[in-house]
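Structural features, examined
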Amino acid sequence: MDSMQTLISSITIAKPWGIDIPNYFWFTGSSAAAFIISSFAHVFGWKKYKPIAGISLLMAFVLLVAAPLNLIDDLRQPGRILNFFLYGWENFPTSPMKWGVLLLLAYPILIFFEAQALYRPYFVRKAKKSGFLGKIFYTVMTFGRTDLSPEALARDHRLGFVLGAIGIPLALAVHGYTGYILGAVHANVMWHTPLMPIIFLASAMVSGTGLLILLIPFFQRFLSDRHKVDTDMVATLATLLAWFIVADLVMRFLWLTFSLTFADGEKYALYSYFRLHFMDTLLIDYLLCLFIPLIIGFTRLKHIPVVVYFGGLVTAVGVWIFRWNTVIGGQTIPRTTPGFLRYLPPVTGQDSIVSMLANWGVLIALICLVLLIFPWDEEMIDCYKGAEHGQQ
Amino acid sequence: MGKENSRRSFLKTGLASTGLALLASSKANAFSLKNPGRDARDARYIGQKGKHFVMVLDLRKCIGCQACTSVCKVENQVPSGQYRTFVTETEVGVFPQVRKAFLPQLCNHCENPACVPVCPTGATFKREDGIVVVDNTVCWGCGYCISACPYDKRYFNKKTKTADKCNFCAQRVDKGLMPACVETCIGGARVFGDINDKHSEVARLLANFPTTVLKKAQGTRPQVFYINLDNRVTELFDTTQDLDDMVKAEQGFEREWMKVREEAINNG
Ligand code: SF4
Ligand code: SF4
């Protein structure tokens, strides 16, 4: 040993982003995925996905309405939100955060209008059947267009198509920008890769599909008049999930091979990070949460719903852990003082476990609300009927 | 002049001033590429035109006394447990050839700062004299700049709940004083001044000594220059292993220690 350095004392700062941020990324990602899956039917016209397109769209909407609350909770001065809109526009080209908030505003509005176009005929019928208050409410939801002629329906359809088509890049952007937020930070070895937006998108498709695999059968079995789960659909989603996992694995493979093998001196920090977390990353993130659902989706296991639900659950959880490992793990890598930093989220207060759970509570409340307002059930049953007629 | 008249004029001035105040406040709230302070060309936001402030840290003279660390906390009312500047203390070499090495660290007031372009509110910016500052009345506390600084020189101030960092004591510099840390530095290791002034001490030091900056590869072009910076000290930055664990795992220190103790006991 020709030299030895020993640190006697040093100080480093506390990192700014806590548990809210991985949670936020997970929400927007899953929303983007649900939107893309709904577009399979609305834009690409894939009949197979038609029955779940409406409910997926609604899930995309609620996830994205709940997501920004994480950001507000993360702000140290949430009362100054206006400053974001008023000042600092010269940083627009270089601050992905600036793009994000605009996307976060535009995207839910677009989904809402698309859902309105999809459900308008049902609102019209409901308005006719309901009592006084219901009539007013549903008439408002039709935006005054009560025409049910084939031309009017075709117009709805076209509008849905156009909004869906605009929505696809918007959905990709609303999640892709979060990858930019991290990727733009060249000070962080783990984040700084141009692949980050694509890695985030790929894993978002995985978590969103996983979430739908859990939610849709639940809605069909317990909340719909149909009372039974469409097991074919479950199998279809399982295979779709498996393909998304393939894409995700390819992205992560590219990322890790380059940043661990071919990168410059900073790769050593990543080495030691992954050495420290080797077992949990490999076993939990890859083996349990990606490879097992991959096998389920590509084998006959996909026809056993319970197994698929398990696959959906572990991928959804696994991607959440991946978001955590990226955001929090990336921040634990030190910059000017030796040794990894540690972070444990506080139990209560701002940016805490309780605030994250509260956000989930808001999500569940919103899900209940849209399920009550939008006639998703009737539309879904109609789609199934249509599909059966089509086969005859 | 009758009573009537004076009342009218009072009303008039009142109305006019209210109108003006409204106009001004609506103007302050209008959309801005930058932020209200910069738009108003407030001297605190513009800085001293034509000057470019830098700091030179002559490590040959630093004795690690942390006087700068403490005076900074007092001058800038930095909350307890938080620091704008501090001195890292290390030991380099192998016994008996060991020496202490100190590394005073502060915001580098980068020429190409990583923290400024990511700020979504325009709260943080570079003054025309090179000092990078945060307007804590505008910052909404998103922490993006804190994540972006490669030197970890920003933090959330517990009191103001906004991003905070060294501002070269701009409040003092604008009055012609030196930053508090420079003023208090016992060894004279901290030198501050305008690099555009060829007769300043910083210009002289930079002209006569080889200097280096931290993390050059980040491309931020730091404006805090070090004389006699030992590479071995900055190498410590890349030591990512948990130090305790590293010592225990890789060198088996604990076992060694037990062995030595046992031997000592056995040997009486
Ligand atoms: S050292 Fe960090 S905080 Fe200071 S100007 Fe450079 S990037 Fe910004
Ligand atoms: S924490 Fe404040 S100064 Fe930093 S980027 Fe956010 S708004 Fe700007």
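You'll find the structure just up there.
So, a few notes on the structure that sits alongside this text.

Thoughts on the packing of aromatic side chains
Residue and element names in this part refer to chain A. Under the defined criterion, the tally for this structure stands at 41 aromatic pairs over all chains. Relative to W360, the ring of W26 has its centre 5.3 Å away and its plane inclined at 40°; by these criteria the two rings are tilted. Within this pair, whereas W26 is found in helix α1 (residues 20-42), its partner W360 is found in helix α12 (residues 353-373), the two being separated by 334 residues in sequence. With relative accessibility at 25%, the residue W360 sits in the partly exposed group. Taking 5.9 Å as the distance between ring centres and 55° as the angle between the ring planes, the aromatic pair formed by F219 and W376 counts as tilted. With F219 in helix α7 (residues 196-223) and W376 in helix α13 (residues 376-391), the pair connects residues that are 157 residues apart, well separated along the chain. For the pair formed by F219 and W376, the shared burial category is buried. One cation-aromatic arrangement involves R221 over F222; the distance from NZ or CZ to the ring centre is 5.1 Å.

What about unusual backbone geometry?
All names here are of chain B. Each neighbour pair has its own omega, and for F95 with P96 the value is 5°, a cis peptide bond. Inspection of the secondary structure puts P96 in the loop between β2 (86-94) and β3 (97-105). Although it is not a glycine, K215 adopts a positive phi angle of roughly 45°. For K215, the location among the structural elements is in the loop between β9 (211-212) and β10 (224-227). Since its relative accessible area comes to 25%, K215 is described here as partly exposed. The phi angle at R221 is positive, at roughly 50°, despite the residue not being glycine. In this fold, R221 is placed in the loop between β9 and β10.

A few points about the interface of chain A and chain B
Between chain A and chain B, the residue contacts involve 58 residues of the former and 66 residues of the latter. Between chain A and chain B lies a buried interface of about 5300 Å² when both sides are counted; carbon and sulfur atoms form 55% of it. On the chain A side of the interface with chain B, the three residues burying the most area are Y87, R335 and T336 of chain A, jointly 13% of the side's total. Here chain A is connected to chain B by three salt bridges. Here D152 of chain B makes a salt bridge to R335 of chain A, at a shortest N to O gap of 3.4 Å. The tally of links from chain A across to chain B stands at 30 residue pairs in polar contact (both at pLDDT 80 or more). Broken down by secondary-structure element, the contributors of at least two residues to the side of chain A that touches chain B are β1 (5-9), α3 (81-86), α4 (96-129), α6 (150-183) and α9 (267-276) of chain A. Grouping the constituent residues of the side of chain A that touches chain B by class yields 30 nonpolar, 18 polar and ten charged. Direction of pairing for β1 of chain A relative to β2 of chain B: antiparallel, over a ladder of four bridges. Paired with L7 of chain A across the bridge in β2 of chain B is T90 of chain B.

A word on the side chain of S147 of chain B
Within the secondary structure, S147 of chain B sits in helix α5 (residues 144-148). In contact with S147 of chain B, other than residues within four places in its own chain, are P16, W17, V185, A187, W191, Q331 and R335 of chain A.

A look at the side chain of D230 of chain A
Residue and element names in this part refer to chain A. Within the secondary structure layout, D230 lies in the loop between α7 and α8 (231-262). As a buried residue without a salt bridge, D230 has its nearest oppositely charged side chain in R226, at a separation of 5.0 Å. In terms of polar contacts, D230 uses its side chain to reach the backbone amide nitrogen of D232, at 3.3 Å. If sequence neighbours within four positions are ignored, D230 has contacts with Q220 and Y384.

Notes on the sheet that holds β9 of chain B
Taken together, the four strands give an open sheet; going across it, the order is β8-β1-β10-β9 (chain B), and neighbouring strands pair in mixed fashion. What marks the edges here is a single partner per strand, and that holds for β8 (190-194) and β9 of chain B.

What counts as what
Residues numbered from 1 in each chain as written. Chains lettered and ligands numbered in written order. Predicted model: local features only at pLDDT ≥ 70, side-chain atom pairs only at ≥ 80, totals over all residues. Heavy atoms only, no water. Phe/Tyr/Trp six-rings, centres within 6.5 Å; stacked < 30°, edge-to-face > 60°. Helix = DSSP H or I, 4+ residues; strand = E, 2+ residues; numbered from the N terminus. Buried < 20%, exposed > 50% of the residue type's maximum accessible area, 1.4 Å probe, protein only. Lys NZ or Arg CZ within 6 Å of the ring centre and 35° of its normal. Contact = heavy atoms within 4.5 Å. Buried area = accessible area lost by both parts, 1.4 Å probe. Salt bridge = Lys/Arg side-chain N within 4 Å of Asp/Glu carboxyl O. Polar contact = N/O pair within 3.5 Å; in protein donor to acceptor, adjacent residues only side chain to side chain. Nonpolar A, V, L, I, M, F, W, Y, C, P; charged D, E, K, R; others polar. Pairing = 2+ DSSP bridges. Lys, Arg positive; Asp, Glu negative; His and termini not counted.

Keep in mind these values describe shape, not function.
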